[in-house]
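Per-entry structural report
Here is what each chain is made of, one letter per residue.
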Amino acid sequence: MIELIPAIDIINGQCVRLTKGDYNQKTVYGSPLQMAQEFEAIGYQRLHVVDLDGAKSKHIVNSSVLRSLASETRLTIDFGGGIKTDEDIEEAFRCGAAMVTIGSIAVTEPDRFLRWLDKYGADRLILGADVRNGKISINGWKEDSTEDLLPFLKKYIDAGVKNVLCTEISKDGTLAGPAIDLYKQVMDTYPALHLIASGGVSCMDDIKALDAAGIPAVVFGKAIYEGRIDLHKLLLDN
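Residues numbered from 1 in each chain as written. Predicted model: local features only at pLDDT ≥ 70, side-chain atom pairs only at ≥ 80, totals over all residues. Heavy atoms only, no water.

**Regarding the packing of helix H1 (residues 32-42) against helix H3 (residues 63-72)**
- Axis separation between H1 and H3 bottoms out at 10 Å; the angle between their running directions is 30°. One finds that H1 runs roughly parallel with respect to H3. Crossing angle aside, the handedness with which H1 passes H3 is right-handed. For the pair formed by H1 and H3, the contact residues are Pro32, Leu33, Ala36, Gln37 and Glu40 on the first element and Val65, Ser68, Leu69 and Glu72 on the second.
- In the contact of H1 with H3, the residues fall into five nonpolar, two polar and two charged. (Axes fitted to C-alpha atoms, helices over the stretch in contact; angles between N-to-C directions. Helix = DSSP H or I, 4+ residues; strand = E, 2+ residues; numbered from the N terminus. Parallel < 35°, antiparallel > 145°, perpendicular 65-115°, else oblique. Left-handed = near helix turned anticlockwise from the far one by under 90°. Contact = heavy atoms within 4.5 Å. Nonpolar A, V, L, I, M, F, W, Y, C, P; charged D, E, K, R; others polar.)

What follows is the structure, encoded as structure tokens:
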């Protein structure tokens, strides 16, 4: 049974979705807290939160939103976007994140990432692997690194990473279907990994296909906000 993780992306304190990470292709959907409370009322237990302002600014911006989500719901929140310093990661945990997603720092400052992994533990850190044309993308998807996906993952799995959030950027926000072949390749290579697939989910059949492919978890957002997924039925069917 695949783990279902609704997503909330935040700009200016509002719930939004971008297309392929493009800040100029933004749709606003309203209150993050209201959305989170609706997810919780239906029966969801996890929430993926991205501070898009933070990702762009290279430091946490929407910590007050995280604090309200954590204090006014019982959802287990993983939080990412703009976590670049020791102060950032401490602020994220202080504001109520149960886990944090770290992407850019794992590319640009591997020693810092490994220090965080040692300090906070593999259960509280999710390695963010955002992929474009086979390369890891960083800094709010504004830059592509020289890191190839599978060697990048191996380096950190060997260091103790258990959880990876992998987003195929070309699929994200497009409602064009997830990159199942990519995720299967990752799982075939690292079968013990708790892989969280992200990007492109358009309907319940996409989630069923990921489940059938043996993908442990999925993050999905735009399909919810565009009314393409019945959250009640999805939970019952799962």
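From this point, the discussion proceeds with the structure in view.
**Details of the pairing of strand E8 (residues 135-138)**
- In terms of strand pairing, strand E7 (residues 125-132) meets E8 through two bridges, oriented antiparallel. Among the inter-strand pairings, Val131 is bridged to a residue of E8, identified as Ile136.
- Hairpin connection, E7 to E8: the antiparallel pair is bridged by two residues, and Asn133 has positive phi, about 55°.
- The pairing of E8 with strand E9 (residues 143-148) spans three bridges and is antiparallel. By the bridge assignment for E9, Ser137 is matched with Asp144. (Pairing = 2+ DSSP bridges.)

**Things to note about the side chain of Lys222**
- The topology assignment puts Lys222 in helix H10 (residues 222-225).
- It turns out Lys222 is buried and unbridged, and the closest side chain with the opposite charge, Glu226, is 5.5 Å from it.
- The contact partners of Lys222, leaving out residues within four places of it in the chain, are Arg17, Thr19, Tyr29, Gly173 and Leu175. (Buried < 20%, exposed > 50% of the residue type's maximum accessible area, 1.4 Å probe, protein only. Lys, Arg positive; Asp, Glu negative; His and termini not counted. Salt bridge = Lys/Arg side-chain N within 4 Å of Asp/Glu carboxyl O.)

**Some words on the side chain of Asn163**
- Locating Asn163 in the fold gives a position in strand E10 (residues 163-168).
- A polar contact of 3.1 Å, which involves the side chain of Asn163, links it to the backbone oxygen of Ala122.
- Other than its neighbours up to four places away in sequence, Asn163 contacts Ala122, Asp123, Leu125, Ile126, Leu127, Leu193 and His194. (Polar contact = N/O pair within 3.5 Å; in protein donor to acceptor, adjacent residues only side chain to side chain.)

**Some points on the packing of helix H7 (residues 149-158) against helix H8 (residues 180-189)**
- At their nearest, the axes of H7 and H8 sit 11 Å apart, and the two run at 40° to each other. In terms of axis orientation, H7 runs oblique to H8. For the crossing formed where H7 meets H8, the hand is right-handed. Across the interface between the two elements, Leu149, Leu150 and Leu153 from H7 touch Leu182, Gln185, Val186 and Thr189 from H8.
- The class makeup of the residues in the contact of H7 with H8 is five nonpolar, two polar and no charged.

The values reported here are purely geometric and, on their own, carry no functional implication.
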